[in-house]
Amino acid sequence: MMINTRNGTEWIIERLRSHQLPDGSWNYPFETGISTDAYTIILLRTLEIEDEELIKGLTARILSRQEKNGAWKIFYDEGEGNLTASVESYYALLYSGYYQKDDPQLKKARKFILAKGGLEEANIFAKIMFAMTGQLKYPSFFPLPVEVILLPLQFPLNFYSFSVFGRANMTPIMLLMDKKFSLKTAKSPNLKDLTVNRDQEVSWIQPNEWRSFLSILEEGISSLMGLPDQLHKLAIERAKKYMLDHIEEDGTLFSYYSSTFLMIFALLSLGYKKTDPLIANALSGIMAMKCEINGLPHMQYTTANVWNTSLIGYALQSAGVQTDDVMIVKANQYLLGKQHHKFGDWIIHNRNQLPGGWGFSDVNTIHPDVDDTTTSLRVVARFASTNLHSWDRGICWLLSMQNNDGGWAAFEKNTNSKLLNLLPIEKGRFILADPTCADITGRTIEFLGNYTNLPAQNESVKKAVKWLVKNQEQNGSWYGRWGICYIYGTWAAVTGLMAVGFSRLHPSIDSAVEWLKNIQNEDGGWGESCNSDHQGKYIPLGESTLTHSAWALDALISVLDQPTDEIEKGISFLVNSISREDWTTSYPKGQGMAGAFYIHYHSYRYIFPLLALSHYQTKYKR
């Protein structure tokens, strides 16, 4: 007997209708823990800007997230806590001026930090921030000299071997490392009480880690024509120009918090005044990304309006909302206005293509990505006949971004040099590489299969299918780079393969279905821990979440001709839990950097259940 999903779908649709903005978009928060909140306090105090209302609000949010043992976590089941997040929070609370070291909450935090190895064990990106603000000495050596920016494209490893996200962040870091710039104020706290070995210089990078990488760079730099001093000055100017050329209209660097934060300090290191318009505009751009969650301010890492709007528009149309509904019309108009017309860094590895993709945030004009492009095209598809130019540009850009290995990455083409593995930068594979991944490849061929007339035997589709089959895990799952994690990747791969004509009986599909069935929880749902990504294997969450359950269900529904017991139990879980509010609904479902950066998309608890419920109703209706 079919389960009635109507009430659930209608509840979600009306909820989404009430949340749409007048411009047609949805601006649900892009929530990334408390690091950006802490960094904003540190930034404002360093620039000596007295926005006390915001600083007090941010300190309240940080303290509201502290655990009983004094630590801060970046996800619910992280264990005792996260050292780096705890050090950042401790520093920000001290720098705010509203809390002292003898405060009971800070005393508990310090005890946790020291028990976990102290400031010395924080990640390298936090150490860079501590050095910039005078809390640590810069290392005598950094494996990426600024001269890297001068290496020619034909050199085996060059500036454009890094991902665009890597370039955005590493460019200001290289300048800061070169200048050894730091800035303290009268309100700067002293973090020496967080170091375990106070008489020793804090270790950043072990020599044996960078020797092989350094030899490659030295070879390239020595091949450059010119005197060392001249090359150095040229590299500084080139790095400065790269930052200035990639500032968005809102003042941010690539619309990211981290790169903008770093750029402000890099500009200061180059002699810019705190009051310079470039720095003022950058700070204004960061401040414009502030949102409110549970009555407290949160500084978003970026805005997610395009991503939210494209996914929601697609889900609403899948649920039967008509294209002439004002909600869909406004969403379509908004997305058409956000299609890119400028050339970005992607042109370096894709020289013969015109712009036509979409980016993630509402201020992004030069940094498109494949995932946002396919989701936006899904919404635009039913309006394609009246917007053929936009549709054609989007499709052409998408197809041109396919990697040589057959799959698609997020931002650029063929930006996954194996030489990057030699670089001794913590989490380097997440920040510096942009490899083909199962989630984006699967979602791309799902779009091509369901929304275009490309035949399954099209060469692009065949190459993508081959990559997915080759990169399936032994247990039948796929690893998803941008979501949590194996459930996400498996959903994307399975729905993609089925959209381009794969047989239910194919071994890849069969093993994926069996894997999803085997990890279903007793309550009918699914749930996966953030521990999966940095442990490199599926780790169950122990509880079911709406989003993970919807992904697993959607994958099963795409394969199975009749609703099985697993599907019926899963749908029952969704219907009965659709309006729940607990830690599982705020648990991160997206990732940016394993073990360090996770994303709670506030929109996902609506989008993916709506898709799963509507696909269930459409496929199995009697």
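Details of the structure are given in the entry above.
Residues numbered from 1 in each chain as written. Predicted model: local features only at pLDDT ≥ 70, side-chain atom pairs only at ≥ 80, totals over all residues. Heavy atoms only, no water.

Chemist: Before we move on, can you summarise the overall build of the protein chain with the specific residues and values?
Modeler: Each helix and strand counted, the protein chain has 24 helices and 7 strands in total. Relative to the compact-globule value of 25 Å for 622 residues, the protein chain shows a C-alpha radius of gyration of 24 Å, a close match. Counting only residues that meet the buried cut, the protein chain has 63% of its 622 residues in that class. For the protein chain, long-range pairs separated by at least 24 residues make up 75% of all intrachain contacts whose partners lie at least 6 apart in sequence. Surface exposure of the protein chain reaches about 24,400 Å², of which carbon and sulfur atoms provide 49%. (Helix = DSSP H or I, 4+ residues; strand = E, 2+ residues; numbered from the N terminus. Rg over C-alpha atoms; globule rule 2.2 N^0.38 Å. Buried < 20%, exposed > 50% of the residue type's maximum accessible area, 1.4 Å probe, protein only. Contact = heavy atoms within 4.5 Å. Areas by Shrake-Rupley, 256 points an atom, 1.4 Å probe, with all protein chains shown as cover.)

Chemist: Describe the environment of K184, listing the residues and the values that go with them.
Modeler: With respect to the helices and strands, the residue K184 is situated in the loop between α7 (164-179) and α8 (207-222). The partly exposed category is assigned to K184, whose relative accessible area is 48%. Taking the C-alpha atoms as reference, K184 lies 8.6 Å from M132; in sequence the two are 52 residues apart. Those residues in contact with K184, other than ones at most four positions away along the chain, are T133 and G134.

Chemist: Tell me about the packing of helix α19 (residues 486-499) against helix α20 (residues 507-518), residues and numbers included.
Modeler: Between α19 and α20, the least distance of the axes is 11 Å, while the angle of their chain directions is 145°. For the pair α19 and α20, the sense of crossing is left-handed. Listed contacts from α20 to Y486, I487, T490, V494, L497 and M498 of α19 are I509, A512, W515 and L516. Class assignment of the residues belonging to the contact of α19 with α20 gives a composition of 9 nonpolar, 1 polar and no charged. (Axes fitted to C-alpha atoms, helices over the stretch in contact; angles between N-to-C directions. Left-handed = near helix turned anticlockwise from the far one by under 90°. Nonpolar A, V, L, I, M, F, W, Y, C, P; charged D, E, K, R; others polar.)

Chemist: An account of the pattern of salt bridges is requested, with residue identities and associated values reported.
Modeler: Tallying each qualifying case throughout the model produces 19 salt bridges. A salt bridge links K116 to E80; the shortest N-O distance between them is 2.8 Å. Of this pair, K116 sits in the loop between α5 (104-115) and α6 (124-132) while E80 sits in the loop between α3 (52-64) and α4 (83-96); the two residues are 36 residues apart in sequence, bridging distant segments of the chain. A salt bridge links E446 to R378, with the shortest nitrogen-to-oxygen separation between them at 2.5 Å. (Salt bridge = Lys/Arg side-chain N within 4 Å of Asp/Glu carboxyl O.)

Chemist: So what's going on with the sheet that holds strand β7 (residues 597-601)? Residues and values would help.
Modeler: Taken in spatial order, the 3 strands line up as β1-β7-β6 in an open sheet, and their pairing is antiparallel. Of all strands in the sheet, those with a lone pairing partner are β1 (30-31) and β6 (590-593), marking the two edges. Relative to β7, β6 is paired through 3 bridges, and the arrangement is antiparallel. Considered in β7, the bridge of M593 is made with F597. (Pairing = 2+ DSSP bridges.)

Chemist: Go over the nonpolar core, please, and point to the residues and values.
Modeler: Counting 203 residues, the largest nonpolar core has L16, F130, L316, W408, I567 and F608 as its most contacted members. Counting residues per element, this core draws most heavily on helix α24 (residues 604-620), at 10 residues. (Core = buried A, V, L, I, M, F, W, Y, C linked by side-chain atoms within 4.5 Å.)

Chemist: Give a description of the packing of aromatic side chains that names residues and reports values.
Modeler: To describe a pair of aromatic rings, one takes the distance between the centres and the angle between the planes. Within this structure, the stated rule accounts for 38 aromatic pairs. Relative to Y606, the ring of W11 has its centre 6.2 Å away and its plane inclined at 50°; by these criteria the two rings are tilted. Taken together, the residues W11 in helix α1 (residues 6-19) and Y606 in helix α24 connect sequence positions 595 residues apart. Judged by relative accessible area, W11 falls into the partly exposed class, the value being 29%. (Phe/Tyr/Trp six-rings, centres within 6.5 Å; stacked < 30°, edge-to-face > 60°.)

Chemist: Go over the packing of helix α2 (residues 35-46) against α3 with me, naming the residues and quoting the values.
Modeler: Contact geometry of α2 with α3 gives a least axis separation of 9 Å together with a crossing angle of 150°. Classed by the angle they form, the pair α2 and α3 counts as roughly antiparallel. In this structure, α2 meets α3 at a crossing whose hand is left-handed. Here α2 contributes D37, A38, T40, I41, L44 and R45 to the contact with α3, which in turn contributes E52, L54, I55, L58, T59, R61 and I62. (Parallel < 35°, antiparallel > 145°, perpendicular 65-115°, else oblique.)

Chemist: Before we move on, can you summarise helix α12 (residues 305-318) with the specific residues and values?
Modeler: Because each turn of an α-helix spans 3.6 residues, side chains separated by three or four positions in sequence point in the same direction. Its 14 residues place the ends of α12 20 Å apart at the C-alpha level, agreeing with the 20 Å of an ideal helix rising 1.5 Å per residue. Of all the 14 residues making up α12, 14 are buried; the element is thus mostly covered by neighbouring parts of the structure. Following α12 by one or two positions, G320 adopts a phi angle in the positive range, close to 100°. (Expected span 1.5 Å × (residues − 1).)

Chemist: So what's going on with the side chain of Q300? Residues and values would help.
Modeler: Structurally, the position occupied by Q300 is in the loop between β3 (296-299) and α12. Setting aside chain neighbours within four positions, we find Q300 in contact with Y28, P29, F30, Y257, M289, K290 and C291.

Chemist: So, helix α23 (residues 565-577): which residues are in play, and what are the values?
Modeler: Relative to the 18 Å expected for 13 residues at 1.5 Å per residue, α23 spans 18 Å between its end C-alpha atoms, a close match to the ideal helical length. Burial in α23 covers these residues: I567, E568, G570, I571, F573, L574 and S577. Summarising the contacts, the buried residues of α23 are in contact with β4 (526-528), β5 (540-545), α22 (546-559) and α24.

Chemist: So what's going on with unusual backbone geometry? Residues and values would help.
Modeler: Cis geometry marks the peptide bond from I484 to C485; its omega dihedral reads -20°. One non-glycine residue, N294, adopts positive backbone phi at about 55°. Residue classification places N294 among the exposed positions, given a relative accessible area of 77%.

Chemist: Can you lay out the environment of L541 for me, pointing to particular residues and giving the numbers?
Modeler: Note on placement: L541 falls in strand β5. As for L541 and T584, which are separated by 43 residues in sequence, their C-alpha atoms are 9.4 Å apart.

Chemist: Which residues make up the side chain of T375, and what values do they have?
Modeler: Within the secondary structure, T375 sits in helix α14 (residues 370-380). A polar atom in the side chain of T375 sits 3.0 Å from the backbone oxygen of D371. Among the polar contacts made by the side chain of T375, one reaches the main-chain carbonyl oxygen of D372 at a distance of 3.1 Å. In contact with T375, not counting residues within four places along its chain, are W307, S310, L311 and R443. (Polar contact = N/O pair within 3.5 Å; in protein donor to acceptor, adjacent residues only side chain to side chain.)

Chemist: With reference to specific residues and values, describe the environment of L106.
Modeler: Along the chain, L106 falls in helix α5. A relative accessible area of 0% means that L106 is categorised as buried. Each C-alpha atom of the pair L106 and A239 lies 39 Å from the other, and the pair is 133 residues apart in sequence. Ignoring anything within four residues of it in the chain, the contact list for L106 reads Y90, L93, L94, Y99, Q100 and K101.

Chemist: I'd like a description of the pairing of strand β2 (residues 290-293), backed by residues and values.
Modeler: Alternating positions in β2 separate cleanly, C291 and I293 being buried on one face and K290 and E292 remaining unburied on the opposite face. Note: β2 against β3, 4 bridges, orientation antiparallel. Its bridge partner lying in β3, K290 is registered against M299.

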